[in-house]
Amino acid sequence: GIQVEQSPPDLILQEGANSTLRCNFSDSVNNLQWFHQNPWGQLINLFYIPSGTKQNGRLSATTVATERYSLLYISSSQTTDSGVYFCAVVTSGSRLTFGEGTQLTVNP
Amino acid sequence: DSGVTQTPKHLITATGQRVTLRCSPRSGDLSVYWYQQSLDQGLQFLIQYYNGEERAKGNILERFSAQQFPDLHSELNLSSLELGDSALYFCASSAKTGSSPLHFGNGTRLTVT
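Since we're looking at a predicted model, the values are computed, not measured. (Residues numbered from 1 in each chain as written. Chains lettered and ligands numbered in written order. Predicted model: local features only at pLDDT ≥ 70, side-chain atom pairs only at ≥ 80, totals over all residues. Heavy atoms only, no water.)

Trainee: Please explain the interface of chain B and chain A as it appears in this structure.
Mentor: Interfaces are frequently sized by the accessible area removed from exposure as the parts join. Taken together, the contact pairs 21 residues of chain B with 18 residues of chain A. In this assembly, chain B packs against chain A so that about 1500 Å² is buried in total across both faces, 53% of it on carbon and sulfur atoms. Where chain B packs against chain A, one counts 0 salt bridges. For the interface between chain B and chain A, the tally reads 6 residue pairs in polar contact (both at pLDDT 80 or more). Counting only elements with at least two residues in the side of chain B that touches chain A, the list comes to strand 4 (31–38), strand 5 (42–50), strand 6 (53–57), strand 9 (87–94) and strand 10 (103–104) of chain B. (Contact = heavy atoms within 4.5 Å. Buried area = accessible area lost by both parts, 1.4 Å probe. Salt bridge = Lys/Arg side-chain N within 4 Å of Asp/Glu carboxyl O. Polar contact = N/O pair within 3.5 Å; in protein donor to acceptor, adjacent residues only side chain to side chain. Helix = DSSP H or I, 4+ residues; strand = E, 2+ residues; numbered from the N terminus.)

What follows is the structure, given as structure tokens:
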């Protein structure tokens with residue numbers, strides 16, 4: 001099956017810093033989503049971005065489908081950004097395959 | 001708020017027991033998915049239903065079963081529970097299959113003692 005690799009596995013930032021999270025996938029995808037899992041366990045849908053670039057406030061994402069990667073940018077990070085960020089992809093069918101996630105800690 | 005409702009939020013039960021987790025999808029969504037998140041396995045796809053019919057199966061144990069009812073809500077039944085079944089169980093829904101984003105509920109945290 002498809003492999004989804006996220007980097008870095010862990011990231012520690014000071015409040016106000018910027019960061020880039022990467023997601024590599026091993027096959028063509030029909031769907032790619034970024035999620036944030038907060039410390040309470042909730043999975044928040046950040047972006048649905050099979051290709052191109054999208055922005056939502058301090059967050060933006062870019063997927064280059066032909067090169068099989070996606071990037072999530074977080075600018076001016078806040079402590080509430082802490083949690084785990086997951087990339088998930090769909091190849092055939094409709095099941096999402098998740099990466100292992102990036103654990104982000106933002107310190108005040 | 002994703003619009004996907006899962007109940008209960010927490011469940012504590014003993015080994016060998018049976019439990020039922022319930023999911024109400026977003027209004028208008030026909031597809032329902034179940035995922036399991038455990039510490040050592042990450043987020044694993046269990047099963048998908050589309051408009052009442054099973055559409056795809058993932059790493060779902062034979063002790064587990066699910067169904068989607070005519071009103072589109074879904075239930076995940078877990079039986080003969082083992083300690084290793086302790087996990088966060090998520091339900092997600094989407095409008096279509098494959099080309100629509102999935103929206104996740106807040107999960108049911110199952111603890112088997």
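Trainee: Teacher, can you tell me more about the packing of aromatic side chains here?
Mentor: The geometry of two aromatic rings is summed up by the distance between their centres and the angle between their planes. Under the counting rule described, the total for this entry stands at 9 aromatic pairs over all chains. Measuring from ring centre to ring centre gives 5.2 Å for A:F35 and B:F104, while their planes differ by 85°; the resulting arrangement is edge-to-face. Taken together, the positions of A:F35 in strand 4 (residues 31–37) and B:F104 in strand 10 put the pair across two chains. Both residues of the pair, A:F35 and B:F104, belong to the buried class. One aromatic cluster in this structure is built from A:F35, A:F86, A:F98, B:Y35, B:F45, B:F90 and B:F104. Over the ring of A:Y69 we find A:R22; its NZ or CZ atom is 4.3 Å from the centre of that ring. (Phe/Tyr/Trp six-rings, centres within 6.5 Å; stacked < 30°, edge-to-face > 60°. Buried < 20%, exposed > 50% of the residue type's maximum accessible area, 1.4 Å probe, protein only. Lys NZ or Arg CZ within 6 Å of the ring centre and 35° of its normal.)

Trainee: Sorry, what's going on with the pairing of strand 3 (residues 19–25) of chain A here?
Mentor: A regular strand places its side chains on the two faces of the sheet in alternate fashion. Residue and element names in this part refer to chain A. Burial along strand 3 is one-sided: the face carrying S19, L21, C23 and F25 is buried and the face carrying T20, R22 and N24 is not. Pairing analysis gives 4 bridges linking strand 1 (residues 4–7) to strand 3, with the strands arranged antiparallel. By the bridge assignment, Q6 is partnered in strand 3 with C23. Direction of pairing for strand 3 relative to strand 8 (residues 69–74): antiparallel, over a ladder of 6 bridges. Of the residues in strand 8, the one forming a bridge with R22 is L71. (Pairing = 2+ DSSP bridges.)

Trainee: I'm lost on the nonpolar core in this one. Help?
Mentor: Generally speaking, nonpolar side chains in soluble globular proteins are found buried as a group. Residues and elements named next belong to chain A. Core analysis: the largest hydrophobic core is formed by 22 residues, its most contacted members being W34, L72 and V89. Of all elements in the fold, only strand 2 (10–14), strand 3, strand 4, strand 5 (43–48), strand 7 (59–64), strand 8, strand 9 (83–90) and strand 11 (102–107) reach the threshold of two or more residues within this core. Aside from chain neighbours lying at most four places away, what touches V89 is I2, V4, F25, V29, N31, L32, R95, L96 and T97. (Core = buried A, V, L, I, M, F, W, Y, C linked by side-chain atoms within 4.5 Å.)

Trainee: Please explain the environment of B:K96 as it appears in this structure.
Mentor: All names here are of chain B. Along the chain, K96 falls in the loop between strand 9 and strand 10. With a relative accessible area of 52%, K96 lands in the exposed category. Taking the C-alpha atoms as reference points, K96 and G28, separated by 68 residues in sequence, lie 9.8 Å from one another. Excluding residues that lie within four positions of it along the chain, K96 makes contacts with S31, Y33 and Y50.

Trainee: I would appreciate a short explanation of the sheet that holds strand 7 (residues 64–68) of chain B in the present structure.
Mentor: Strands in a sheet are paired, the pairing made by backbone hydrogen bonds, and the direction either parallel or antiparallel. All names here are of chain B. Sheet architecture is open: 4 strands sit in the order 1-3-8-7, paired in antiparallel fashion. Every interior strand has two partners, whereas the edge strands, strand 1 (5–7) and strand 7, have only one. Taken pair by pair, the neighbouring strands of this sheet meet at an average axis angle of 15°, ignoring direction. Inspection of the sheet shows strand 1 paired to strand 3 (residues 19–24) by 3 bridges, in the antiparallel sense. Looking at the pairing, T5 lines up with S24 of strand 3. (Axes fitted to C-alpha atoms, helices over the stretch in contact; angles between N-to-C directions.)

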